[in-house]
Structure formats: C-alpha cells, structure tokens
Amino acid sequence: MNYYDVVVVGAGGAGLRAAIEASLDPTIRVAVVSKVYPTRSHTGAAQGGINAALGNVIPDDSPDSHAFDTIKGSDFLADQEAVFFMCENAPEIIYELDRWGVPFSRLPDGRIAQRPFGGASFPRTVFSADRTGHVILHTLFEQALARENIHFYNEYFLLDIIHDGNRVKGVALYDIKNGEVVNLRAKAVILATGGFARIYWKRSTNAIGNTGDGVAAALRAGLSLKDMEFIQFHPTGLAKTGILLSEACRGEGGYLLNALGERFMQRYAPEKMELAPRDMVSRAIEYEIREGRGVGEGTSAYVYLDLRHLGEEKIKERLPQVRQLAIDFEGVDPVKDLVPIRPTAHYCMGGIHVVNYRTSGTELEGLYAVGECACVSVHGANRLGGNSLTEILVFGKFCGIAAREYAKQVDWLPLTEGEERRAQEFIEGLMKREGTEKLAEVRKRMGDITWEKVGIFRDEKSLKSAYEELGELLERWERIPVVDKSKVFNTNLVELLELRNMLELARVVAFSALHRKESRGGHMREDYPNRDDKNFLKHTLVRKVGDRLELEYIPVNIVKYEPAQRSY
Ligand SMILES: Cc1cc2nc3c(=O)[nH]c(=O)nc-3n(C[C@H](O)[C@H](O)[C@H](O)COP(=O)(O)OP(=O)(O)OC[C@H]3O[C@@H](n4cnc5c(N)ncnc54)[C@H](O)[C@@H]3O)c2cc1C
C-alpha cells in the first residue's frame, strides 16, 4: 500500500534521524526513500567530527560560545535564534548517539574526546578517529532498521513533489531497479536529500550523487531557495582529484606551507593561523598561488599540507583514513611526505527556504526540509567545520517530531488523474527523446563554467556569462537522448535526471551571486571586495516563475550579536 503518514526522502544523517523520531509513535507509518543504499549516503564520508559544547577538554566551553563562533564564522548572516537552538540542543544529541552505540574516540579518563576545529574558541569537535560520519550513519541505520513502522524504499529516485499549491500530497519516484514509476501518498513529506556541491563537477569533495535532486524538485514546485550563492570551498582537497582531507588534519596540528616552506597563514590570520575558517584559508591558498608562491602554475598548482611533525603514531590513530587517501590518490605518505593540496568545492550553505527552524517547515504545508538540502539558516555565508553533522541531527530530530504530529491531524489529499500519470508520462517521454547532444559533454561544460566563473573568486562579468551559458546548457539538456533503453538499473537515465537538477541549481547559484554585490563568507566578489551590511545584511530568496527566476530579500534574525569585523 503506497499510503504513508510521513515520507522521508533521503537516508543520510538528517533523513534517518528524522525518520527515527517520526516512528516513535507506533501508529505512524514512515517511508524512507533513498536513491542509493542508505549506508552509501554522503554523511558516511564525513571525517573530522561533530560540534557540541560538552566542555570535556576545557570546561569553560558553553553553548553560548558555540553560538558566537558559529555566528561570527557565518559572517553574521546566520539567523541567531536558530543558531542558539542548535547549539543548546547539540550536547544531548551527542549523548543520544553515544547511548545508541556510536564508538566515539575517548579521553584517557573515558569521557568523549574533543579536538580543535576551524573558527572555534574551544576544542569542541567530537569525533571517531577520522571516520565520524561513517559510524554515525551506520548506527542511525541500525536504529531505523529496528523499528517496524519504518519501511525502506532503497534505490528509488525522487522525481517530483506532488502538491496542490498549498499542501503536499506525496512524491513521485522512479524505481531504479526495474524502471517503474511509483507515487507515494503522504500526509507529511520530509526532504533530506543532501547537498549539491557536485554542480562543481570539475573539482568537489562530494559523492557523485550529491546533485541536489530534492532542492531542484522544490524549485520546480514553486518554493523559494535561500542564500544559494554561498558555496563552501574546503582548503585541503588533494591536488590531483579534489578528494577531501579533513579539517581534522589542521585540528590535530597540521601546517600549511607554500613553495618557499613558509607557514603562509601568518599573513592572513596571525592568531588562528591554519585554524581560521574555511573561506579565509581557501582564499589564502589561492592568493599564494596567484602571487607565485605555490608549486607550479595555473589549474595544476598547489601548496602543501605538512603532518610529518605529528608523528606516525598520532597519524595512524587519529587520521588513518586521511593517510590512506593521500597514499592511494596522491601517492604520498603523510608520515614522511608533504601532501599537495588545493581548495575544492565542498558544501552548500544555501538550500530550500525553511520558514520555521523549530519544525523545519517550508512554504508548502506538510513539506519539511532538513539537512544540507535545507537552509535554516545556521551557517549564513560560511559554515564552520563540524557544524553540519550537528545541524542535520538536531534539526532532523525536531523535524521528525513536527512531521509526526502534523500527520496525526490531517488526512491524505486525493490525487487528480493528471497527478497520477504525470511522472509516468515524463519518464516515457524522456525514454523516447531524440537528439544529438551528449550528456557527458554538457555535464563537463557545466563543471568548467561553475569552477571558472562561479568559483572562489567571482565578478559581474563572470557571473553574467555563467548565468547565460547555464541557461543555454538547460536548453541543450532537452536534446540529450537516453541511449540505453533498458529498464533495469538504467544509470544513463538517472544521470540525465541528475544533470537537469544540477543545471537548474547551478543557474540559481550564478543568479543569486550576480545580485549580491558585496563579499561575505564564501561569496567573494572581486568587483565588490568588502562586506556591505547596509545593503546586503539579508537573505537571498529565489523562486522560479515559469522559466524566469524571481529574486527577493528577507531580513536576518539578529538577537544577540551585532555584526562586527571578522578577524582571526
Ligand atoms: C567528504 C566530506 C566530509 C565531510 N566531513 C564533515 C565533518 O567532518 N563534519 C561535519 O559536520 N560535516 C562534514 N561534511 C558535511 C556533512 O557530511 C554533510 O553536510 C551531511 O552529512 C549531509 O547530510 P544529509 O543527511 O543532509 O545528506 P546526505 O548524507 O548527503 O544524504 C542524502 C540522502 O538523500 C538521498 N537522495 C538524494 N537525492 C535523491 C533522490 N533523487 N531520490 C531519492 N533519494 C535521494 C541519498 O540517497 C541520501 O540517502 C562533510 C562532507 C563531505 C562531502
């Protein structure tokens, strides 16, 4: 029976945490939909850790200090009540995970260990070596599997949200295993489909599947996307591949060196040095390369991460995965070699506009958005490392409660005949489509445009041209045929669907960035190099009306910390 009280789309940390909470009432039927097997969700790739002010290393830490660091890190664009809510609820989330069986690394006295992370005033990042996301995801999956009222739809692809303009009715799915289209009816739908940093196809830390399908579905459903111009570039991507080496490398004491062997962060953040926030460190690396102090030139240039002084024992205990990645993908062993690194696209601060941080409710009744696909906003213009896992679990929990309680009060809405058939007809149309464009070519071009024109540095000219060319690529997308006609695991069709989503979102990113004429956090306009609180201390909202994008701004929620200059 395809009727559920709550349908959760996404089985990463956000989706599973929400599903567990929604299922606490045994009369509530919950479905969890995922295009990959749940334990392959990107949460499993998180390395460095999760922030909570436990004060286990330095007792002076507090949720208020965590909130202040988060707000300052956000370049004052975060909504402060939401930040306080997250930071106050974070410790309980950690203890809950501990009780559920997450094997956190420990202090000698047995309490949960915490390491320093970028932009943080205290060591507050809880971790499990450098596989924190992996152990959290697996533990949540076990907890969800144990609940009889959670039903998994693994390897089903969300096509669209079904709604009547006011309220959600369900979701249309494509079963990757056999090519069937299925409509799930729902009283409440939670989108937890993760981020879209794969729009930077050329260079990204993200899983291949982080294509923003849920965010694009929300855009097509007429919802607003918030602060999409803010993309985080992580300083330490492996030079050749862009694969992530966790911020834990610097948290444990690693250095960044230029070609002259200088710890160049001295020039940019003399106090925090390598542990300045990511936006600053990424730009610092690029400035060094521009000024000729990198190794090599152009796109293949890099600087070094130096871990050698940490010693073999510490590297093997605290950073085993980092070491293996460096050996496998760069051919160097951090125990004795310098590691070539350069910034890489990593995280999306923006996403589906959440209108109520306590419930994660959106503009559409019965539809919730949580995790990296959502913008609450607690990260503002720049997220601090370790705060995403905190966000997905805190808001995941409260969103699960809200969806469950909402579902108890309403009934299912009937589907019209058109709604019943729409997704089926869409897939049939795609399968029959003829044309001469090639999927890989259009996708590669998108990756070049986003990296070169909507990257770490931006200006009016680059953004305008990116916006226009991405629009042309969307037209070219209409002429890409599905060459593989099979029904079983048709990855050709799935990649085509993902490409449309990425193109739609990349265009919104360029559009939002074009109109924000200032520099703040991860958004660096070379033609407007300063932060401009007078005109731009506000959130960007973009929605799609027909084929046009419409822009609106809403105020930032400031309750305690007035915007100040951001220095580290
Ligand atoms: C390499 C890496 C390391 C990181 N390290 C850290 C860290 O140490 N600390 C930290 O705080 N943050 C870290 N982050 C960020 C953090 O891991 C993510 O922001 C977070 O895990 C996102 O969780 P999520 O549940 O929102 O989405 P995800 O874990 O990405 O899950 C998305 C889910 O949605 C499903 N889905 C997507 N599209 C569809 C569709 N069309 N149909 C059906 N299902 C769909 C997927 O199958 C998946 O189950 C890291 C990120 C990366 C990439």
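Since we're looking at a predicted model, the values are computed, not measured. (Residues numbered from 1 in each chain as written. Predicted model: local features only at pLDDT ≥ 70, side-chain atom pairs only at ≥ 80, totals over all residues. Heavy atoms only, no water.)

1. With respect to the sheet that holds strand 5 (residues 125-126)
Put simply, the rule reads: Strands pair, by our definition, only if DSSP identifies at least two bridges between them. Numbering goes from the N terminus for both helices and strands, where a helix is a DSSP run of H or I of at least four residues and a strand is a run of E of at least two.
Here we have 3 strands laid out as an open sheet, ordered 3-5-4, and antiparallel in their pairing. A single partner strand is all that each edge strand has here, and the edge strands are strand 3 (50-51) and strand 4 (114-115). As judged from the 2 bridges shared by strand 3 and strand 5, these two strands associate in the antiparallel manner. Bridge pairing in strand 5 places asparagine 51 opposite threonine 125.

2. Examining helix 13 (residues 439-453)
For clarity, the threshold we go by: The span you would expect from a helix comes to 1.5 Å times its residue count less one. Partly exposed describes any residue whose relative accessible area lies between the buried limit of under 20% and the exposed limit of over 50%, with all areas from a 1.4 Å probe on protein chains only and scaled to the type maximum.
The end-to-end C-alpha distance of helix 13, which contains 15 residues, comes to 21 Å, matching closely the 21 Å that a straight helix rising 1.5 Å per residue would cover. When we look at burial in helix 13, the residues that qualify are Leu439, Val442, Arg443, Met446, Gly447, Asp448, Ile449, Thr450, Trp451 and Lys453.

3. Section: the UniProt feature "domain: FAD-dependent oxidoreductase 2 FAD-binding" (unreviewed entry) in the protein chain
Put simply, the test is: UniProt positions are given in the numbering used here, feature names are shortened, and annotations may be inferred rather than shown by experiment.
When the UniProt feature table is mapped onto this chain numbering, "domain: FAD-dependent oxidoreductase 2 FAD-binding" (unreviewed entry) sits at residues 5-389. Secondary structure across residues 5-389 comprises 28% helix and 22% strand; the distance between its end C-alpha atoms is 26 Å.

4. Notes on the site of the ligand
Filter applied, for reference: Nearness is defined per residue: one heavy atom within 4 Å of the molecule or strand is enough. In protein, a polar contact requires one atom able to donate a hydrogen and another able to accept it; more generally it is a pair of N or O atoms within 3.5 Å, and residues adjacent in sequence count only if both atoms are side-chain atoms. Polarity classes work like this: nonpolar for Ala, Val, Leu, Ile, Met, Phe, Trp, Tyr, Cys and Pro, charged for Asp, Glu, Lys and Arg, and polar for all others, with Gly in that last group.
Close contacts around the ligand come from 39 residues, with Ser41, His42, Thr43, Leu158 and Glu372 the closest. At a separation of 2.5 Å, an oxygen atom of the ligand approaches a polar side-chain atom of threonine 43. Take glycine 49: an N or O atom from its main chain is 2.8 Å from a nitrogen atom of the ligand. Elements with a minimum of two residues in the shell around the ligand: helix 1 (13-22), strand 2 (30-34), strand 7 (156-163), strand 14 (339-348) and helix 11 (387-409). When residues of the shell around the ligand are assigned to their parent elements, the largest contribution, 4 residues, is made by helix 11. Broken down by class, the residue content of the shell around the ligand amounts to 15 nonpolar, 20 polar and 4 charged.

5. Thoughts on the sheet that holds strand 17 (residues 374-375)
What the 5 strands build is an open sheet, ordered 17-15-10-18-19; its pairing is mixed. Both edges of this open sheet fall to strand 17 and strand 19 (548-555), since each of them pairs with a single strand only. The sheet contact formed by strand 15 (residues 351-353) and strand 17 spans 2 bridges and is parallel. Residue pairing for strand 17: histidine 353 is matched across the bridge by cysteine 375.

6. Quick notes on the packing of aromatic side chains
Two aromatic rings are characterised by how far apart their centres lie and by the angle between their planes. Heads up, the rule is: By convention, a stacked pair of Phe, Tyr or Trp rings (six-membered ring in the case of Trp) has centres within 6.5 Å and planes under 30 degrees apart, an edge-to-face pair has planes over 60 apart, and any other such pair is tilted. We call a charge positioned over a ring when the NZ of a Lys or the CZ of an Arg lies within 6 Å of the ring centre and within 35 degrees of the ring normal.
Inspection of the entire model under this criterion finds 18 aromatic pairs. Measuring from centroid to centroid gives 5.9 Å for tyrosine 4 and tyrosine 153, while their planes differ by 85°, and the two rings are edge-to-face. Linking tyrosine 4 in strand 1 (residues 3-9) with tyrosine 153 in strand 6 (residues 150-154), this pair joins segments that are 149 residues apart in sequence. Given the relative accessible area of 2%, tyrosine 4 is considered buried. Judged by centre distance (5.0 Å) and plane angle (80°), the ring pair of tyrosine 153 and tyrosine 156 falls under edge-to-face. When sorted by exposure, tyrosine 153 lands in the same class as tyrosine 156, which is buried. The structure contains a cluster of three or more aromatic residues connected by ring pairs, namely Phe85, Tyr357, Phe395 and Phe398. The lysine or arginine in question, lysine 72, covers the ring of tyrosine 568, its NZ or CZ lying 4.2 Å from the ring centre.

7. Thoughts on helix 14 (residues 460-477)
The line we're drawing: By the convention used here, residues are in contact when the closest approach between their heavy atoms is within 4.5 Å.
If you check helix 14, its first and last C-alpha atoms are 26 Å apart, about what 18 residues at 1.5 Å a residue would give, namely 26 Å. Considered for burial, the residues of helix 14 that qualify are Ser462, Leu463, Ala466, Glu469, Leu470, Gly471, Leu473, Leu474 and Trp477. Buried residues along helix 14 sit in contact with helix 12 (417-432), helix 13 and helix 15 (491-515). Capping the start of helix 14 is the job of one residue whose side-chain oxygen sits 3.2 Å from the backbone nitrogen of lysine 461: aspartate 459.

8. Re the packing of helix 14 against helix 15
This is how the line gets drawn: Throughout, an axis means a line fitted to C-alpha atoms (over the contacting stretch in the case of helices), and angles, computed between N-to-C directions, take values from 0 to 180 degrees. These descriptions rest on fixed angle ranges, namely under 35 degrees for roughly parallel, over 145 for roughly antiparallel, 65 to 115 for roughly perpendicular, and the rest for oblique. What makes a crossing left-handed is the near helix being turned counterclockwise from the far one by less than a right angle; a clockwise turn instead makes it right-handed.
Helix 15 packs onto helix 14 with a crossing angle of 155° between their chain directions and a minimal axis gap of 9 Å. The pairing of helix 14 with helix 15 is recorded here as roughly antiparallel in orientation. Note on packing geometry: the crossing formed by helix 14 with helix 15 is left-handed. Along the contact surface, helix 14 presents Glu460, Leu463, Lys464, Ala466, Tyr467, Leu470, Gly471, Leu473, Leu474 and Trp477, while helix 15 presents Leu496, Leu499, Arg500, Leu503, Glu504, Ala506, Arg507, Ala510, Phe511, Ala513 and Leu514.

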